[in-house]
Amino acid sequence: LPSDAALLDAAAQHLAGNRSASLAEIAKAAGVSRATLHRRWPTREALLRAVGQRAVEVLDRLLADARLPDGAGPEEFDAALERLIERLAPAIHLYGFASHEPQLQADPGLTAAVAEQDERALRLLAQGQRLGRLLGHASGLALASLWGLLEAASYGVREGHFGHREVRRLVTLTYRTGNQPPHS
C-alpha cells in the first residue's frame with residue numbers, strides 16, 4: 001500500500017484539478033480503494049485537513065532549504081531562488097490546494113502556518129531585493145507572482161502542456177525576467 005505521504009500527494013494532485021471530488025474519486029485517482037482511504041481518513045474533511053498539514057510540512061522543509069545567511073551575495077541568492085523553484089515545482093499542488101481550499105482557510109492553525117511560510121518566502125525575496133537581484137516593488141506582489149507562476153506551471157504539467165523538467169527553467173526565467181531590475 002502507498003504511504004500516507006504518497007496518498008496525500010495524490011489526493012492534493014487530484015483535488016487541485018477537481019476541488020469537489022468525492023472520496024471515491026480521490027481514492028481512484030490515488031490507485032487505492034475507497035475503504036483504504038477511509039481507514040486512514042474517515043471523512044473527506046479529515047482528508048482535507050491531512051492534505052493541508054502535509055502541504056505545511058513539505059513547504060516548511062523546502063523553505064528551510066532555501067534560507068540564506070544575512071551576508072549572502074547575489075550569486076548565492078540566485079542559486080537559492082533556483083533551488084527553491086526547482087523543489088517547489090513538483091509540490092506546488094500542495095500549496096495551491098491548501099491556500100485556496102475554503103475549509104482549510106477556516107482552520108486557524110493551517111492559516112497561521114501558511115502565513116508564516118509566506119513571511120519566510122518574503123524574507124528570501126527581500127534579500128534578493130536588497131542585493132539588487134529583484135525589483136524593489138512590494139514584496140507581497142513579488143511573492144504572489146512567484147506562487148502564481150508555480151501554480152500555472154503545475155496546471156500546465158497536469159494538463160500535459162509541458163513536463164516537470166521544464167518547470168524550473170520556465171518559472172525561473174519568467175519570474176526573474178519580470179522581477180529583474182533594469183541594470184541586471
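Since we're looking at a predicted model, the values are computed, not measured.

J.: How should I be thinking about the overall build of the chain in this particular structure?
T.: Summing up its helical and strand segments, the chain has 10 helices and 0 strands in all. The order of α-helices and β-strands along the chain, N terminus first, is α-α-α-α-α-α-α-α-α-α. Taken over the C-alpha trace, the chain has a radius of gyration of 17 Å; the compact-globule value for 184 residues is 16 Å, and the two agree within 12%. Reported as C-alpha extents along the three principal axes, the dimensions of the chain are approximately 60 × 35 × 25 Å. Here the chain holds 184 residues, and the buried ones make up 44% of them. Intrachain contacts of the chain at a sequence separation of at least 6 include 69% that bridge at least 24 residues. Of the roughly 9,100 Å² of accessible surface on the chain, 54% is carried by carbon and sulfur atoms. A distance of 4 Å separates the average location of the 21 positive side-chain charges in the chain from that of its 21 negative side-chain charges.

J.: Would you mind showing me how to read helix 5 (residues 74-88) here?
T.: Given 3.6 residues to a turn, an α-helix orients residues that are three or four positions apart in the same direction. Helix length check: helix 5, at 15 residues, gives a terminal C-alpha distance of 21 Å against a target of 21 Å (1.5 Å per residue), a fit within 8%. All of the buried residues along helix 5 are Phe77, Asp78, Ala80, Leu81, Leu84, Ile85 and Leu88. The arc that holds the buried residues of helix 5, viewed along the axis, is 165°, so those residues lie on one side.

J.: Please clarify how the nonpolar core should be interpreted in this entry.
T.: As a rule of thumb, soluble globular proteins bury nonpolar side chains together. Of all hydrophobic cores here, the largest spans 59 residues; its most connected members are Trp41, Leu47, Val51, Trp147 and Leu150. With sequence-adjacent residues up to four places away left out, Trp147 is seen in contact with Leu88, Ile92, Tyr95, Asp118 and Ala121.

J.: Where do I start with the pattern of salt bridges in this structure?
T.: Once the charged atoms of two side chains with opposite charge are near each other, the side chains can pair. Taken as a whole, this structure holds 9 salt bridges when the rule is applied. The partner of Arg133 in a salt bridge is Asp78, with the nearest N and O atoms 2.5 Å apart. Here Asp78 lies in helix 5 and Arg133 lies in the loop between helix 8 (108-130) and helix 9 (139-158), a separation of 55 residues in the sequence. When salt bridges with common partners are traced through the structure, they connect Asp78, Arg133 and Arg176 into a single cluster.

J.: How should I be thinking about the side chain of Gln117 in this particular structure?
T.: As for its placement among the helices and strands, Gln117 is situated in helix 8. Assessed through its relative accessible area of 1%, Gln117 is described here as buried. Setting aside chain neighbours within four positions, we find Gln117 in contact with Ala55, Val56, Leu59, Asp60 and Leu63.

J.: Just to check I follow, could you spell out the packing of helix 4 (residues 44-65) against helix 8 for this structure?
T.: For any two helices packed against each other, the geometry comes down to the angle between their axes and how far apart the axes lie. The N-to-C vectors of helix 4 and helix 8 enclose an angle of 20°; their axes lie 10 Å apart at closest approach. Classified by the angle between their axes, helix 4 and helix 8 sit roughly parallel to one another. Note on packing geometry: the crossing formed by helix 4 with helix 8 is left-handed. Within the contact between the two elements, helix 4 uses Arg49, Gly52, Gln53, Ala55, Val56, Leu59, Asp60, Leu63 and Ala64 and helix 8 uses Leu110, Ala113, Gln117, Arg120 and Ala121. Of the residues in the contact of helix 4 with helix 8, the class split is 8 nonpolar, 3 polar and 3 charged.

The rules behind these values
- All residue numbers refer to positions counted from 1 along the written sequence of the respective chain.
- Residue-level local features of this predicted model are given only where pLDDT is at least 70; pairs of side-chain atoms are given and counted only at 80 or more, and the full residue set underlies all totals for whole chains, interfaces and linings.
- Where side-chain values are given, they derive from all heavy atoms of the structure, hydrogens and water being excluded.
- A helix here means a DSSP run of H or I that spans at least four residues, while a strand means a run of E at least two residues long, and both kinds are numbered starting from the N terminus.
- For the radius of gyration, the atom set is restricted to C-alpha positions; the globular benchmark scales as 2.2 Å times the number of residues to the power 0.38.
- Only protein chains enter the calculation, and the probe is 1.4 Å; a residue is then buried if its accessible area is under 20% of its type maximum, exposed if over 50%, and partly exposed in between.
- Contacts: residue pairs with any heavy atoms within 4.5 Å of one another.
- Only the protein chains shown count as covering a residue, and every accessible area follows the Shrake-Rupley method with a 1.4 Å probe.
- Here the positive residues are Lys and Arg and the negative ones are Asp and Glu; neither His nor the chain ends is included.
- For this purpose, a charge sits on NZ of Lys, CZ of Arg, CG of Asp or CD of Glu.
- To estimate how far a helix should reach, multiply one less than its number of residues by 1.5 Å.
- Each C-beta atom gives one direction from the helix axis, and the arc is the one those directions make.
- What makes a nonpolar core is a set of buried Ala, Val, Leu, Ile, Met, Phe, Trp, Tyr and Cys residues whose side-chain atoms join them at distances within 4.5 Å.
- When a carboxyl oxygen of Asp or Glu lies within 4 Å of a side-chain nitrogen of Lys or Arg, that pair is called a salt bridge.
- Interaxial angle, 0 to 180 degrees, is taken between N-to-C directions of lines fitted to C-alpha atoms, where a helix line uses only the stretch in contact.
- When an angle is under 35 degrees it counts as roughly parallel; over 145 it counts as roughly antiparallel; between 65 and 115 it counts as roughly perpendicular; any other value is oblique.
- Helix crossings are classified by the rotation of the near helix relative to the far one: an anticlockwise turn of less than a right angle makes the crossing left-handed, while a clockwise turn makes it right-handed.
- In this count, Pro and Cys sit with the nonpolar residues alongside Ala, Val, Leu, Ile, Met, Phe, Trp and Tyr, while Asp, Glu, Lys and Arg are called charged and the others, Gly among them, polar.

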